[in-house]
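Per-entry structural report
For reference, the chains in residue letters:
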Amino acid sequence: SDVSVILPTYNRAPTIARAIASVLHQTEPPEELIVIDDGSTDDTKSVVEQFGDGRIRYLRLPVPGGAGAARNAGIALS
C-alpha cells in the first residue's frame, strides 16, 4: 500500500537531515515524505532541498501555527 509520512518541523535545520534520512531508509520506505515547515526562520528549507529526492515534498507555512496545524497541512497534501 502507498504510505505517506508527514514530518512537521520548526527551526530544526541541525537535525532535520537525520530525521529525513531515517524515514527514507526504512525497511519499507514511504511513497512520499511530506516535510511541513511551520514557519522556520533558520536554514531548514535548504537542508531539505539538498536531498534532491523526488519522494520529498516540502511546504513552508508562512507563520508558525503549531504542530497540529503543520500535521493538518501535511494530511491535506497527502
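Residues take numbers from 1 onward in each chain, read along the sequence in its written order. Only residues with pLDDT of 70 or above have their local features reported here, since the model is predicted, and side-chain atom pairs are shown and tallied only from 80 upward, although totals for entire chains, interfaces and linings are computed over all residues. Side-chain figures throughout are based on the complete set of non-hydrogen atoms in the structure, without hydrogens or water.

1. Structural notes on the pattern of salt bridges
Within this document, salt bridges are pairs made up of a side-chain nitrogen of Lys or Arg and a carboxyl oxygen of Asp or Glu, the two lying within 4 Å of each other. Per the counting criterion, the structure on display carries 3 salt bridges. The residue Arg57 makes a salt bridge to Glu32 at a minimum N-O spacing of 3.1 Å. Taken together, the residues span a long stretch of sequence, with Arg57 in strand 3 (residues 56-60) and Glu32 in strand 2 (residues 32-37) at a distance of 25 residues. Where Glu49 meets Lys45, a salt bridge forms, and the shortest distance between an N and an O atom there is 3.9 Å. Here Lys45 and Glu49 lie together in helix 2 (residues 44-49), a separation of 4 residues that amounts to about one turn. Helix and strand labels come from DSSP, where a helix needs a run of H or I of at least four residues and a strand needs a run of E of at least two; each type is numbered from the N terminus.

2. A few points about the sheet that holds strand 3
At least two bridges found by DSSP between two strands is the condition for calling them paired. Spatial ordering of the open sheet is given by 1-2-3, a layout of 3 strands whose pairing is parallel. The open sheet has two edge strands, strand 1 (4-9) and strand 3, and neither has a second partner. Across the sheet, the axes of successive neighbouring strands diverge by a mean angle of 15 degrees, strand direction being ignored. Where strand 2 meets strand 3, 5 bridges bridge the pair, whose relative direction is parallel. The residue bridging Ile36 from the neighbouring strand is Leu59, located in strand 3. On top of the sheet, helix 1 (residues 13-24) reaches strand 1, strand 2 and strand 3; it is set at about 170 degrees to strand 1, its chief contact. Contacting strand 1, strand 2 and strand 3, helix 3 (residues 67-77) crosses the sheet at an angle of about 145 degrees to strand 2. Angular values range over 0 to 180 degrees, each being the angle between N-to-C directions of two axes fitted as lines to C-alpha atoms, with helices fitted over their stretch in contact. Contacts are assigned to residue pairs with any non-hydrogen atoms lying within 4.5 Å of each other.

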